[in-house]
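Report on the structure
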Amino acid sequence: MSAPRLHINLDKIYHNASTLVARLLTKGVSVTGVTKAFLGTPQIARAMLRAGITCLGDSRIENIERMRQSGIEAQMILIRSPMLSQTERVVASADVSFNTELEVMAALSMAAVKARKNHGVLLMIELGDLREGVMPHDVERTVKKICELPNITFMGVGANLACRNGVSPDNRNMAQLSALADSTARICGFCPPIVSGGNSSNLDWVFAGDDIGLVNNLRLGEAILLGREALNRQRVPGLFIDAISLVAEVIERKTKPSKPWGTVAQSAFDGASASGSQGNINQAILAIGRQDIDPDGLDPPVGVQVLDASSDHLVLNAGDRKLVVGSEVSFQLNYSALLRAMTSPHIIKTFVKNGAVAGPCPAAQILPDAA
Ligand SMILES: *Cc1c(COP(=O)(O)O)cnc(C)c1O
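Presented here is an overview of the structure given in this document. Fair warning: this is a prediction, and the values are worked out from it, not measured in the lab.

1. Quick look at the overall build of the protein chain
Of regular secondary structure, the protein chain possesses 10 helices and 16 strands. For the protein chain, whose C-alpha radius of gyration is 23 Å, the value lies close to the compact-globule estimate of 21 Å for 371 residues. Oriented by its inertia axes, the alpha-carbon framework of the protein chain measures out at about 70 × 50 × 40 Å. Looking at the 371 residues of the protein chain, the share that counts as buried comes to 51%. Once local pairs closer than 6 in sequence are excluded, the contacts in the protein chain between residues at least 24 apart make up 66%. If you sum the accessible surface of the protein chain, you get close to 16,800 Å²; carbon and sulfur atoms cover 52% of it.

2. Some details on the sheet that holds strand 2 (residues 30–34)
Spatially, 2-3-4-5-6-7-8-9 is the arrangement adopted by the 8 strands of the closed barrel, whose pairing is parallel. On average, each strand axis in the sheet is inclined to that of its neighbour by 30°, with strand direction left out of account. Taken together, the 2 bridges between strand 4 (residues 75–78) and strand 5 (residues 96–99) define a ladder with parallel strand orientation. Within strand 5, the position partnered with Ile 77 by the bridge is Val 96. Of the strands in this sheet, strand 7 (152–158) and strand 8 (194–198) are in contact with helix 7 (residues 171–188), which crosses strand 7 at around 155°.

3. Focus on the pattern of salt bridges
Taken as a whole, this structure holds 10 salt bridges when the rule is applied. Between Lys 12 and Asp 242 there is a salt bridge, with its nearest N and O atoms 3.2 Å apart. Here Lys 12, found in helix 1 (residues 10–25), pairs with Asp 242, found in the loop between helix 9 (222–226) and strand 10 (244–257); they are 230 residues apart in sequence, far enough to count as distant. For Asp 242, a relative accessible area of 9% translates into the label buried. Asp 95 is paired through a salt bridge with Arg 68; the nearest N and O atoms lie 2.9 Å apart. Here Arg 68 lies in helix 3 (residues 61–69) and Asp 95 lies in the loop between helix 4 (87–93) and strand 5, a separation of 27 residues in the sequence. Taking the relative accessible area as the measure of exposure, Asp 95 reaches 33% and is therefore partly exposed. Take Arg 68: its relative accessible area is 24%, and that puts it in the partly exposed class.

4. Here we look at the packing of helix 1 against helix 2 (residues 42–50)
One way to put it is that helix 1 packs onto helix 2 with a least axis distance of 8 Å and a crossing angle of 40°. Accordingly, the angle class assigned to the pair helix 1 and helix 2 is oblique. Considering the relative orientation of helix 1 and helix 2, their crossing is right-handed. Along its contact with helix 1, which presents Leu 10, Ile 13, Tyr 14 and Ala 17, the element helix 2 presents Gln 43, Ile 44, Ala 47, Met 48 and Arg 50. When grouped by side-chain class, the residues that make up the contact of helix 1 with helix 2 number 7 nonpolar, 1 polar and 1 charged.

5. Considerations on unusual backbone geometry
A cis amide bond links Ala 3 to the next residue, Pro 4, at an omega of -5°. Tracing the backbone through its elements, the reader meets Pro 4 in the segment before strand 1 (5–9). Here Leu 130, not a glycine, exhibits a phi torsion of approximately 60°, which is positive. At Asn 151, a residue that is not glycine, the phi angle is positive and equals roughly 60°. Taking relative accessible area as the criterion, Asn 151 reaches 27% and is therefore assigned partly exposed.

6. What about the site of the ligand?
Neighbouring residues of the ligand: 13 residues in total, closest Lys 36, Ser 200, Arg 219, Gly 221 and Glu 222. The separation between an oxygen atom of the ligand and a polar side-chain atom of Arg 131 is 3.4 Å. Glu 222 places a main-chain nitrogen or oxygen 2.8 Å from an oxygen atom of the ligand. Partitioned by chemical class, the residues of the shell around the ligand number 4 nonpolar, 4 polar and 5 charged.

7. Side note on the environment of Ala 115
Mapped onto the elements, Ala 115 comes out in the loop between helix 5 (102–114) and strand 6 (119–124). Judged by its relative accessible area of 41%, Ala 115 is partly exposed. Along the primary structure Ala 115 and Ala 92 are separated by 23 residues, whereas in three dimensions their C-alpha atoms are 7.6 Å apart.

8. Examining the pairing of strand 4
Sheet topology places strand 3 (residues 55–58) next to strand 4; 4 bridges connect them, and they run parallel. Bridge assignment links Gly 57 to a residue of strand 4, and that residue is Ile 77. For the segment spanning strand 3, helix 3 and strand 4, crossover handedness is right-handed. Following the chain from strand 4 across helix 4 to the adjacent parallel strand 5, one finds a crossover that is right-handed.

What counts and what doesn't
Residues numbered from 1 in each chain as written. Predicted model: local features only at pLDDT ≥ 70, side-chain atom pairs only at ≥ 80, totals over all residues. Heavy atoms only, no water. Helix = DSSP H or I, 4+ residues; strand = E, 2+ residues; numbered from the N terminus. Rg over C-alpha atoms; globule rule 2.2 N^0.38 Å. Buried < 20%, exposed > 50% of the residue type's maximum accessible area, 1.4 Å probe, protein only. Contact = heavy atoms within 4.5 Å. Areas by Shrake-Rupley, 256 points an atom, 1.4 Å probe, with all protein chains shown as cover. Pairing = 2+ DSSP bridges. Axes fitted to C-alpha atoms, helices over the stretch in contact; angles between N-to-C directions. Salt bridge = Lys/Arg side-chain N within 4 Å of Asp/Glu carboxyl O. Parallel < 35°, antiparallel > 145°, perpendicular 65-115°, else oblique. Left-handed = near helix turned anticlockwise from the far one by under 90°. Nonpolar A, V, L, I, M, F, W, Y, C, P; charged D, E, K, R; others polar. Near = heavy atom within 4 Å. Polar contact = N/O pair within 3.5 Å; in protein donor to acceptor, adjacent residues only side chain to side chain. Right-handed = clockwise from strand over helix to strand, strands pointing away.

So, in C-alpha cells, the structure goes:
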C-alpha cells in the first residue's frame, strides 16, 4: 500500500456519532455534524447521517457544494459567516448560515429573493472568546432587522467558545445565551428553533448535570472524529480515539549523534534548531513533513519520539524500536494534525470498515514491515 495515508474507520466514526446523538438526545440537544476537518468527504458525511445526525455543518461553501453534488440532501449549515462575494452560492447550497453582519444578511436576502428560495439565518453572539459574534447588547436590535428581511427566516442564536482564547463554556455564559435566545422570541414573535451552544468543548458542560437552559444544539466535529472533548482533549467515555490514524513510511534509519555539529544558525522552520544531549540515538526519517501534518499534533508509538519536522521529513528518535527502511509507523493525530493531513494532496485517504465495537483503543503502533 502506498504511504503516507490516513486510515479512516467509518464504523468507528459511526459509533462515535451515534453514541453522541443518543446521549445528547437525553438532554434534548441535537447534533450538527461538522464536516470541515474532512473537507466534506461524502463517505464520512454519510456515516454521520447513518448514525442519526440530521444536519451537517461546514465552514466552507466548497465543502457544502461537494456534499450536495454527491447527492446528500440533509439540512446543511454554513457555520462561518458567508463572504459577501459568495452569498449567491451560499443561498444555492446551504439551508442556513451563521451570521454576524447585517450587510451580509441583506445580501443573502437579495440572493434568496432572486433564487425564489428561503434562507435561514442564525445569529452568532459574542460571549467572551473574541472570535465571531455580535455583542450581547446588539442582539435585539439585530434580530429586529433580520426579521424584516425578505426571504430570510430567523433560525435562532448560537455561540462559539474555546477556539481563539480558550474561554470555556460554563453556567454563566450559557445562561446568558439562553436569556438572549429568550429575548429574541419576544422580538420575532416565535421561539427560535435553534439555540446552538457551541462545539466539542461544550460536552463536559452539557453532561455536568446542571440546567442547560434553552440550549438545544451542539456542533460536533472533533468529538465525532477523534473521540475527545475539546477543552482538555480528554477521551469521551465510550468513544473511539483511533477512528482515524496516519501511516508514514521510513526512508532512512541511521545511528546519529543527538547533537548537531557545525555553526548553528536558524533552521528552516523555527529559529534555532533543537540540540540533544543523549549521545548517539537511533534516528529514523519518515517521508512526511510540515506540508502534510502538524508535527506537534502527532502521537507516536510507545518508545518512539517525534524530534523535528521540515517540509518533507519527519525525524524520529526510534529508541530501541527497529524501524527498517520501508517499514511503516502509525500515529494518532490531534485536530490540528488531522486538519492538515486531510487537506494534503500527498496523503491518500483510505476507508476501513471492520464492524468495530466499543472497546479498549489500541495505541499508536509500528506496523508489520512492508512486504
Ligand atoms: C469548527 C467549528 C465547530 C466544530 O468544532 P469541534 O471542536 O470540531 O467540535 C463548531 N462551530 C464552529 C463555528 C466551527 O467553526
